[in-house]
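Take a look at the letters that make up each chain.
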Amino acid sequence: MAKFRIPEMALPFPPVKLRDDVAEFKEELCGWAVKWNLIGLRGRDRMLSSDLLEWGIGMTGEGSRERAMLLCRWCLWILVIDDRMDSGPWALDGDLPEFTRRVVQAMEPGAVAPGPEADPMLRVLAVDLWPATSEIGDQEWLADLARHVEDYLLAEFVMVEHRKGNRKLTPAVYRDLHRDLITMEIFFSLLAAFDGPGRLILELTEPRRYASEVVSLANDLYGLERDLSLEEEANLVVLTRQEEGCSWQEAIDSVHRLFQERVSDLVRTLTAASRSEEIRGTANWVRDSVQATMEWHRNSSRYQLQVDKSAGSASGEVRTTERTSPSLFRFDFDRDPYSLYKQLREQFPVTWDESLDAWLVSRHEDVKAALTDPRLTSEGYRWQMAPLFDRTIIQMDGREHAASRKLLTPAFLGRSLDRLSELSERTAGELIERLQGRPEIELVDEFCTILPVSVLAGLMGLPAADVVHLKRWYQATIAYVGNHWQDPEVLRAGVQARDDFYTYLEPHIAGRRRAPGPDMLSLLCTAEVGGEPLPDETIKGTCGLLLLAGSETTAKGLSALLSNLLNHPEQLAAVQADATLIPQAWAETLRLNSPVQYLMREAAEPLEIGGKAISAGATVACLLGSANRDPQRFADPDRFDIFRADGCVDRAYTAAAVHVAFGTGRHFCLGARLSLVEAEVGISALLSAMPKPAWSDGFTPVERGQMFRGPERLLVTTGW
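Note that the structure is a prediction, hence the values are computed from the model and not measured. The numbering scheme is per chain: residues are counted from 1 as the chain's sequence reads. Residues qualify for local features only when their pLDDT is at least 70, as the model is predicted, and side-chain atom pairs are given and counted only at 80 or more; totals for whole chains, interfaces and linings, by contrast, use all residues. Just so you know, side-chain values use all the structure's heavy atoms and leave hydrogens and water out.

**Q** Can you break down the environment of Glu225 residue by residue, with the values?
**A** Of note, Glu225 is situated in helix H13 (residues 224-229). Taking C-alpha positions, Glu225 is 9.5 Å from Ser325, a pair spaced 100 residues apart along the chain. Strands are runs of DSSP state E lasting at least two residues, helices are runs of H or I lasting at least four, and both sets are numbered from the N terminus onward.

Next comes the structure, spelled out in structure tokens:
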């Protein structure tokens, strides 16, 4: 793609006076959102540094602080929904039409508030936002606002269907859709409340519509580069280029001409409206909000990815799509991350991902260097792990980490490992006995997931009968940890699972303190740090972390191993004939299909990675899934080959491993050897029991997951 020029987009309006208390506003807003479970610590950190939220606050100018806060709560509510739509669970599986119906129902007069089990987004609207909004306007104004909220949600649904490939957008359809997606009409209604809403706001229908389109067009022009990085086709420039078959610059110029026309329409209608003293104040709110929005679009970092400052001129800024790096939040990442990794390694080995709010490190050499650099700490887990398990070994560094690791290591070595091997063998035998004789089985849920949970239950000395509960709890907490979109339902379910698990552990901890045994829980209950026993909460957090990390990674890895073998019958036959090949088959699977796709680190001080300057406090995402497929380190890296010469199986389960599926350096996975035991014992027993395993007719395994990845289902005919 060639360079293109984004023309100047100025409005003939005076600068907007922003509020003086923006920082205080942001703190209060984020506290409100956390209180209502709309966001977690990750969301809070991002919101506090967000210039988008500052724009929402700034739009309120010198208006009443109480009403400004209400408007900003609406702004934050919409931002959270927008994040969920862009790439979160709703974008793939959510029932948005039903949510929209319930939102509309909650805004009707006399609506009954939903119970505490309802979606937090719906509950905060019904219990907090809408009652407060109802106090400042009449029914006509409220109906107008409710209609715009419904239009916004319906437009989001159309966008989700488009991203799924179920609906094609044309430029004409998209223009109407995007006006609603921009949500300016919602804010215009709320801003009008500063001067007393009612009939007057309806008289500004025409300038409001023009203002929404001005903002929509500016969004697409300024946001073109970011949309291209996300491979987002829902942009008027992209759609115009597709429909007219023109160049990028011609499409940009076409949209810019439309922008200028709508600016002229906006100025004309606002000038006419301002002649009326009754609606002059409201007209000024529309004017100032559009101006504030334009200033944000022009200056926001999220739209300034690769501006060529040296090529700027009075006529605009020069940019180029050639230097626009892809994002992990690209809609198709979940389906195929490996194409994106290839592009990153070849063109952007160390690059900033604005959507993830992190530096992406993709080459094997750079990932290994980053994971062993003491200046990159584990503080990045404070928003993922700390809200669930407080401070555990995974967040520790230096002496603190070394001391905790020394405490836990005995449970994964020597006699302990022998006991876990016996437990793995017994568990695998019981699972196979349940499956015996069935001509078709689903191996992810019925074998790969249950085996590691059962082994970890045995490691901690918990009853085998409780595995079904442990599985449910760990799956809810693993969803919490991977919840970059801060979906409130996932946050709430994860915290509830943690609380249930902690309550479950309490009598077991009390029992081990009285009468310890040979299990991990007893080890923790009898351990001392500085002459003092570990607090109950520390023991609970450590057990929660072990259950989460040890179950999910091994379950995904076992599923991937079986999938790889079934996809390569000749290698499957070799493993069935010689079980001693399982360690190298397991190592090759971990390389090719890393269960953990990336690890997050935080820069304790400024440093350089791959020639890029990383500032102190920045988050670094070490892409294990990319490093393990780097052709500079592995020959033919996308091929599954248990006999590959560059696998170095003898070191594959140590910190000297050539693959980085277990991490490397001081945080190398404690359970690496345990995972090998589970694979050796479990897969060997399973493949020995099934005479002729093969895919069921018409079945093809599908990998899913952004941070934790593996096959969703394995539907297999057994030969029994």
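**Q** Report on the confidence of the model for the chain, specifying residues and quantitative values.
**A** pLDDT is a residue-level measure of predictor confidence that goes from 0 to 100. Across the chain, pLDDT averages 86, with 92% of residues at or above 70. Should any heavy atoms of two residues lie within 4.5 Å, those residues are counted as being in contact. Here residues 306-315 is modelled with pLDDT under 50, and outside its nearest four sequence neighbours on either side it reaches 22 contacts, counting other chains as well.

**Q** Tell me about unusual backbone geometry, residues and numbers included.
**A** The residue Thr183 is not glycine, and still its phi comes out positive at about 65°. Residue position: Thr183 is located in the loop between helix H9 (171-182) and helix H10 (184-192). For Thr183, a relative accessible area of 5% translates into the label buried. The phi torsion at Asp636 lies on the positive side, around 45°, for a residue other than glycine. Inspection of the secondary structure assignment puts Asp636 in the loop between helix H30 (624-627) and helix H31 (672-689). Among the residues examined, Asp636 registers a relative accessible area of 43% and is labelled partly exposed. The cut-offs for exposure are 20% and 50% of the maximum accessible area for each residue type, with area from a 1.4 Å probe on protein chains only; residues under the lower value are buried, those over the upper are exposed, and the others partly exposed.

**Q** Help me get a handle on the pairing of strand E5 (residues 358-361), residues and values and all.
**A** Along any regular strand the residues' side chains alternate between the sheet's two faces. By the alternation rule, side chains of E5 split into Ala358 and Leu360 and Trp359 and Val361, which are all buried. Two strands are said to pair when DSSP picks up at least two bridges between them. Where strand E4 (residues 350-353) lies against E5, 4 bridges are found, and the strand directions are antiparallel. The residue bridging Asp353 from the neighbouring strand is Ala358, located in E5. Between the end of E4 and the start of E5, which pair antiparallel, lie 4 residues, with Asp357 showing a positive phi angle near 65°. Pairing of E5 with strand E13 (residues 619-623) involves 3 bridges; the strand directions are parallel. Residue pairing across strands places Trp359 opposite Val620, the latter belonging to E13.

**Q** Just give me the short version of the sheet that holds E4, but keep the residues and values in it.
**A** Taken in spatial order, the 5 strands make up an open sheet running E4-E5-E13-E10-E6, and their pairing is mixed. Edge strands, defined here as strands with exactly one partner in the open sheet, are E4 and strand E6 (376-377). Bridge count for strand E10 (residues 598-603) against E13 is 5 bridges, and the pairing is antiparallel. Residue pairing for E13: Glu602 is matched across the bridge by Thr619.

**Q** Can you explain the pattern of salt bridges? Please cite residues and give values.
**A** For this analysis, a salt bridge means a side-chain nitrogen from Lys or Arg found within 4 Å of a carboxyl oxygen belonging to Asp or Glu. All told, the structure shown has 35 salt bridges when counted by the stated rule. Of the charged contacts in the structure, one is a salt bridge between Glu213 and Arg262, with a shortest N-O distance of 3.3 Å. Placement of Glu213 in helix H12 (residues 205-222) and of Arg262 in helix H15 (residues 248-274) is noted, with a sequence separation of 49 residues between them. The same class applies to Glu213 and to Arg262, which are both buried. Linking Asp641 and Arg639 is a salt bridge whose minimum nitrogen-to-oxygen distance equals 2.7 Å.

**Q** I'd like a description of the state of the cysteines, backed by residues and values.
**A** Two cysteine sulfurs form what is called a disulfide whenever their separation falls within 2.5 Å. Applying the stated criterion across every chain yields a total of 0 disulfides. Between Cys30, a free cysteine, and Cys72, which holds the nearest cysteine sulfur, the sulfur-to-sulfur gap is 11 Å. Here Cys30 falls in the buried class, since its relative accessible area comes to 0%. Cys543 provides the cysteine sulfur closest to Cys525, a residue in no disulfide bond, and the two sulfurs are 7.6 Å apart.

**Q** Tell me about helix H28 (residues 569-577), and name the residues and values.
**A** Looking only at H28, the buried set comprises Gln571, Leu572 and Val575. Seen along its axis, H28 keeps its buried residues to an arc of 105°; they face one direction. Exposed residues on H28 whose side chains face more than 90 degrees from its buried face are Pro569, Glu570 and Ala577. On its buried side, H28 packs onto helix H27 (536-567), helix H29 (582-592) and H31. Starting at the helix axis, one direction is taken to each C-beta atom, and the arc is that of these directions.

**Q** How would you summarise helix H3 (residues 51-58) if you had to cite specific residues and measurements?
**A** Here H3 lies mainly inside the structure; 6 of its 8 residues are buried. Turning to H3, its buried residues are Leu52, Leu53, Trp55, Gly56, Ile57 and Gly58.

**Q** I'd like a rundown of the pairing of E10, residues and numbers included.
**A** With 6 of 6 residues buried, E10 lies mostly within the body of the structure. Going residue by residue along E10, you find Tyr598, Met600 and Glu602 tucked away on one face and Leu599, Arg601 and Ala603 tucked away on the opposite face as well. As judged from the 2 bridges shared by E6 and E10, these two strands associate in the antiparallel manner. Within E10, the position partnered with Thr377 by the bridge is Glu602.

**Q** Give me the packing of aromatic side chains: which residues, what numbers.
**A** Here is the rule: rings of Phe, Tyr and Trp (six-membered ring for Trp) pair when centre to centre is within 6.5 Å. Planes less than 30 degrees apart are stacked, more than 60 are edge-to-face, and the remainder are tilted. Following the criterion strictly, the structure yields 12 aromatic pairs and no others. Here Tyr653 and Phe662 contribute two aromatic rings whose centre-to-centre distance is 6.2 Å and whose plane-to-plane angle is 55°, an arrangement assigned as tilted. Note on accessibility: Tyr653 and Phe662 belong to one class, buried. Centre to centre, the rings of Phe662 and Phe668 are 5.8 Å apart; their planes meet at 70°, and the pair counts as edge-to-face. Relative accessible area serves as the criterion here: at 8%, Phe668 is assigned to the buried category. Three or more aromatic residues joined by ring pairs form one cluster here, namely Trp473, Phe501, Tyr502 and Tyr504.

**Q** Break down the packing of H27 against H31 for me, citing the residues and quoting the values.
**A** Packing of H27 against H31 leaves a shortest axis separation of 11 Å and a crossing angle of 45°. Regarding the angle of H27 to H31, the classification is oblique. Of the two elements, H27 crosses H31, and the hand of that crossing is right-handed. On H31, the residues that touch Thr554, Leu558, Leu561, Leu562 and Leu565 of H27 are Ser675, Glu678, Ala679, Ile683, Leu686 and Leu687. Charged means Asp, Glu, Lys or Arg here, nonpolar means Ala, Val, Leu, Ile, Met, Phe, Trp, Tyr, Cys or Pro, and polar covers whatever is left, Gly included. Of the residues assigned to the contact of H27 with H31, the class counts are 8 nonpolar, 2 polar and 1 charged. Axis definition: a line fit to C-alpha positions, over the contact stretch in the case of helices; interaxial angles, taken between N-to-C directions, run 0 to 180 degrees. If an angle is under 35 degrees, it is roughly parallel; if it is over 145, roughly antiparallel; if it lies from 65 to 115, roughly perpendicular; otherwise it is oblique. Helix crossings fall into two classes, left-handed where the near helix is turned counterclockwise from the far one by less than a right angle and right-handed where it is turned clockwise.

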